[in-house]
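Notes for the structure review
Chain by chain, the residues:
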Amino acid sequence: MDEYYYEILRKISLSMFRDRLFGIFHGSISAKIKENQFLINKKDAIFDSLDRDDFITLFSKKDYRWQDASIDSDIHINIYKNIKEAKFVTYATPPYLVAYTLEHDFILPRDYFGANKFKRIEIYDPKSYDDWHERAPYEICNYMINENSDIMVIRGYGVFAHARSAQQMAKKIAILEMSSKLLLLS
């Protein structure tokens with residue numbers, strides 16, 4: 001396992017957990033190591049204390065290791081295969097953002113940082129949660145490509161994001177969470 005990527009993911013996931021962007025078992029984070037290889041958290045990882053055993057290296061060709069990996073692994077690999085600028089991918093469940101999605105169709109930040117970073121973000125409605133897990137790998141990637149977006153907010157579910165650096169990725173989600181919190185409180 002590449003020590004560089006492990007350290008970045010460990011530090012970012014701890015920060016995101018402390019900021020309540022990840023739940024105890026809700027979320028995923030990964031880094032593209034090579035064209036057909038990425039590092040991702042395992043399915044039972046607890047995000048405030050990730051160590052080497054909480055990560056697994058996967059290849060685009062599925063093998064036995066995929067059984068231990070995050071349930072979001074198919075989504076991550078689909079993004080890496082189809083969006084070349086994606087070097088880091090995450091799925092987060094920020095509580096204010098998820099709460100905001102339940103009653104709104106878009107996010108229009110009115111705070112300084114949110115308004116400067118995001119103009120208007122559509123909230124994607126998965127329609128049915130019954131088969132969402134099967135549809136998600138394709139719908140998320142297709143949405144990001146079709147909308148030319150590095151972020152996808154999903155009603156009642158959370159947010160997927162990709163970026164060239166883990167810090168940029170975490171910052172986007174943190175800004176969105178703060179904007180959503182302020183919109184709910186205003």
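Higher on the page you've got the structure.
We now turn to the structure provided with this report. (Residues numbered from 1 in each chain as written. Predicted model: local features only at pLDDT ≥ 70, side-chain atom pairs only at ≥ 80, totals over all residues. Heavy atoms only, no water.)

Considerations on the packing of helix H2 (residues 73–82) against helix H5 (residues 132–146)
Where H2 meets H5, the closest approach of the two axes is 8 Å, and the angle between their N-to-C directions is 35 degrees. In the packing of H2 onto H5, the handedness of the crossing is right-handed. From H2, Asp74, Ile75, Asn78, Ile79 and Asn82 reach across to H5, where they touch Ala136, Pro137, Tyr138, Ile140, Cys141, Met144 and Ile145. Residues belonging to the contact of H2 with H5 are distributed by class as follows: nine nonpolar, two polar and one charged. (Axes fitted to C-alpha atoms, helices over the stretch in contact; angles between N-to-C directions. Helix = DSSP H or I, 4+ residues; strand = E, 2+ residues; numbered from the N terminus. Left-handed = near helix turned anticlockwise from the far one by under 90°. Contact = heavy atoms within 4.5 Å. Nonpolar A, V, L, I, M, F, W, Y, C, P; charged D, E, K, R; others polar.)

Looking at the nonpolar core
Met16, Ile29, Phe88, Ile107 and Val153 are the most contacted members of the largest nonpolar core, which totals 37 residues. Counting only elements with at least two residues in this core, the list comes to helix H1 (3–18), strand E1 (28–34), strand E4 (88–92), helix H3 (95–101), strand E6 (121–124), strand E7 (151–154), strand E8 (158–163) and helix H6 (166–185). Membership of the second largest hydrophobic core comes to 23 residues, among which are Ala86, Ile140, Met144 and Ile154. (Core = buried A, V, L, I, M, F, W, Y, C linked by side-chain atoms within 4.5 Å. Buried < 20%, exposed > 50% of the residue type's maximum accessible area, 1.4 Å probe, protein only.)

Side note on the sheet that holds E4
A sheet is described by the order of its strands in space; here eight strands give the open sequence E3-E2-E1-E4-E8-E7-E6-E5, paired in mixed fashion. Where the open sheet ends on each side, the last strands, each with one partner, are strand E3 (55–59) and strand E5 (106–107). Here five bridges tie E4 to E8, and the two strands are oriented antiparallel to one another. By the bridge assignment for E8, tyrosine 91 is matched with phenylalanine 160. Contacts from H5 reach E6, E7 and E8, with the element oriented near 140 degrees to E7. Sitting on the sheet, H6 is in contact with E1, E4, E5, E6, E7 and E8, with an inclination near 145 degrees to E8. (Pairing = 2+ DSSP bridges.)

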